[in-house]
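Structural characterization, general
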Amino acid sequence: MFRIGFGFDTHRLDPGREFWLGGVLIPHARGAAGHSDADALIHAIIDALLGAAGLRDIGNQFPDTSAEFKGIDSKILLARTMELIRAKGFSIGNMDATIVLQEPKINPFIPSIIGTLASVMAIGEDQLSVKAKTSEKLGFIGREEGISAYAVVLLEK
Ligand code: MG
């Protein structure tokens, strides 16, 4: 049996915050704001995984009203999501994601992001694809006010 899942996330970028993306700390003057470490790529991947498995979404599994998740490293949430997926008998076929961000350029960090995600998810790097593009200076992303990320995942049972 195959199940497909789709995830999306967006976060505001504020001056002076750490900028975590795909589990990697990106050197930048701004960082993503949120209840957790605000890692938009990991949050999109989590939503894709949960959606594919019929487990609703990140807000249901890890409520942002909970003190337990305040400032939490999203890699922990991703590892816990993988436990939920595997407990339902699923394994990952592949995951494909796109980051939309004006600055900084993310391409140099993609090998590190893929290595980090593969390690946290306990799957092969060849099962993961991460792409990055700008919004051609349009909208809130173009004004460097925020970041978005999209992910699709195929689960197998
Ligand atoms: Mg988020």
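The present account deals with the structure reproduced in this document. In this text the structure is predicted, and so the values were computed from the model without any measurement.

**Brief notes about the pattern of salt bridges**
Two side chains bearing opposite charge may form a pair once their charged atoms approach each other closely. Evaluated as defined, the whole model comprises five salt bridges. The residue Arg12 makes a salt bridge to Asp14 at a minimum N-O spacing of 2.7 Å. The salt bridge involving Lys75 is made with Asp73; its shortest N-O contact spans 3.4 Å.

**Observations regarding helix H4 (residues 110-121)**
With twelve residues, H4 ought to run about 16 Å at 1.5 Å a step, and its terminal C-alpha atoms sit 16 Å apart, in line with that. Inspection of H4 places Ile110, Ile113, Ile114, Thr116, Leu117, Ala118 and Met121 among the buried residues, and these make up the whole buried set. Close packing links the buried residues of H4 with strand E2 (20-21), strand E3 (24-25), helix H1 (40-53), helix H3 (74-87), strand E5 (91-100) and strand E6 (128-133). Downstream of H4 by a residue or two, Ala122 has a phi angle that is positive, lying close to 55°.

**Re the nonpolar core**
Ranked by size, the top nonpolar core spans 48 residues in total, and within it Leu41, Ile45, Leu49, Leu117, Met121, Val130 and Leu155 carry the most contacts. Here this core takes eleven residues from H1, the largest share from any one element. Once residues within four sequence positions are removed from consideration, Val130 is found in contact with Leu41, Met95, Ala97, Ile99, Ile110, Ile113, Ile114 and Leu117.

What counts, and where the lines are drawn
- Residues numbered from 1 in each chain as written.
- Predicted model: local features only at pLDDT ≥ 70, side-chain atom pairs only at ≥ 80, totals over all residues.
- Heavy atoms only, no water.
- Salt bridge = Lys/Arg side-chain N within 4 Å of Asp/Glu carboxyl O.
- Helix = DSSP H or I, 4+ residues; strand = E, 2+ residues; numbered from the N terminus.
- Expected span 1.5 Å × (residues − 1).
- Buried < 20%, exposed > 50% of the residue type's maximum accessible area, 1.4 Å probe, protein only.
- Contact = heavy atoms within 4.5 Å.
- Core = buried A, V, L, I, M, F, W, Y, C linked by side-chain atoms within 4.5 Å.

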